[in-house]
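Tertiary structure, described
As a plain string of letters, each chain reads:
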Amino acid sequence: MIEISDRAQQHFRRLLAQQGEELGILLRVTAPGTPAANCELEFCEPRDLVGSEWLVECEGFNFYLEGDSARWLDGASIDYEPNPTGGQLNIRAPRIKGEIPGADAGLIERVRYVLEAEINPRIASHGGRVSLLEVTSDGAVLLQFGGGCHGCSMVDVTLKNGVEKTLRERVPEITAVRDATDHSGGRNPYYREKAGSSAMG
């Protein structure tokens with residue numbers, strides 16, 4: 001399932017020896033199956049365990065995978081590369097961000113993947129987020145904008161030049177991309193309309 005190199009095990013033994021307690025190490029995946037997925041390592045005591053963890057045999061200590069994280073860590077590896085300033089622990093987990101949907105995947109699955117993998121990371125710099133509401137029977141995609149995109153006067157530009165362009169390139173079967181957000185209630189838009197100008201929703 002997961003491969004922990006001898007150098008990494010040696011590194012973990014050193015860390016655990018400094019703690020001086022009956023500790024193990026727990027690895028978990030946060031936000032699995034999304035582009036934001038990440039691995040987190042922490043010390044754990046036997047009483048911290050809930051019973052669903054997977055035990056990985058290591059010499060001299062217990063290494064656990066959090067139960068819900070285990071499937072995302074299939075084929076993962078941990079190595080430790082020493083360097084003059086100490087060293088670098090490297091965790092490679094090729095599956096934690098999920099699989100790219102294949103050509104046989106449904107329209108909804110492919111649209112959702114493009115939103116999560118490409119579009120949301122871009123608009124996150126404006127505090128924005130877009131989620132899929134519906135794909136209609138004729139292939140129109142209805143989207144909900146949130147965060148800094150909610151009520152933003154530039155949302156039409158974001159929709160046409162960014163979101164729609166990317167979605168149509170990646171998922172050619174889409175017939176239209178529409179914004180179904182009620183922008184009048186936006187609490188913290190990235191760009192605000194100037195007083196007296198008409199709202200461009």
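See the structure printed just above.
The following paragraphs examine the structure supplied in this document. These figures come from a predicted structure and were not determined experimentally. (Residues numbered from 1 in each chain as written. Predicted model: local features only at pLDDT ≥ 70, side-chain atom pairs only at ≥ 80, totals over all residues. Heavy atoms only, no water.)

1. Considerations on helix 2 (residues 107-123)
Applied cut-off: The way it works is that DSSP assigns letters per residue, a run of H or I at least four long becomes a helix, a run of E at least two long becomes a strand, and they are numbered from the N terminus. An expected span of 1.5 Å times one less than the residue number is assigned to each helix. A residue's bend is the angle separating two fitted axes: one through the seven residues that end there, the other through the seven that start there. Residue exposure (1.4 Å probe, protein chains only): buried if accessible area is under 20% of the type maximum, exposed if over 50%, otherwise partly exposed.
Given a rise of 1.5 Å per residue, 17 residues ought to cover 24 Å, and the 22 Å separating the end C-alpha atoms of helix 2 matches this to within 8%. Along helix 2, the sharpest change in direction is near 40 degrees and occurs at Leu115. Of all the residues in helix 2, the buried ones are Arg110, Val111, Val114, Leu115, Ile119, Asn120 and Ile123.

2. Describing the environment of Gly60
Here Gly60 shows up in the loop between strand 4 (54-58) and strand 5 (61-65). Taking the C-alpha atoms as reference, Gly60 lies 9.4 Å from Gln10; in sequence the two are 50 residues apart.

3. Some thoughts on the pairing of strand 6 (residues 76-83)
What counts, and what does not: Whether two strands pair depends on DSSP finding at least two bridges between them.
The pairing of strand 1 (residues 2-4) with strand 6 spans three bridges and is classified as parallel. Opposite Ile2, over in strand 6, you have Ala76 as the bridge partner. In the sheet, strand 6 pairs with strand 7 (residues 86-92) via seven bridges, with the strands oriented antiparallel. For Tyr80, the partnering residue across the bridge sits in strand 7 and is Leu89. The hairpin turn running from strand 6 into strand 7, its antiparallel successor, is two residues long.

4. A few points about unusual backbone geometry
Look at Ala31: it is not a glycine, yet its phi comes out positive at around 50 degrees. With respect to the helices, strands and loops of the structure, Ala31 is situated in the loop between strand 2 (24-30) and strand 3 (38-44). Classification of Ala31 by relative accessible area gives partly exposed; the value is 36%.

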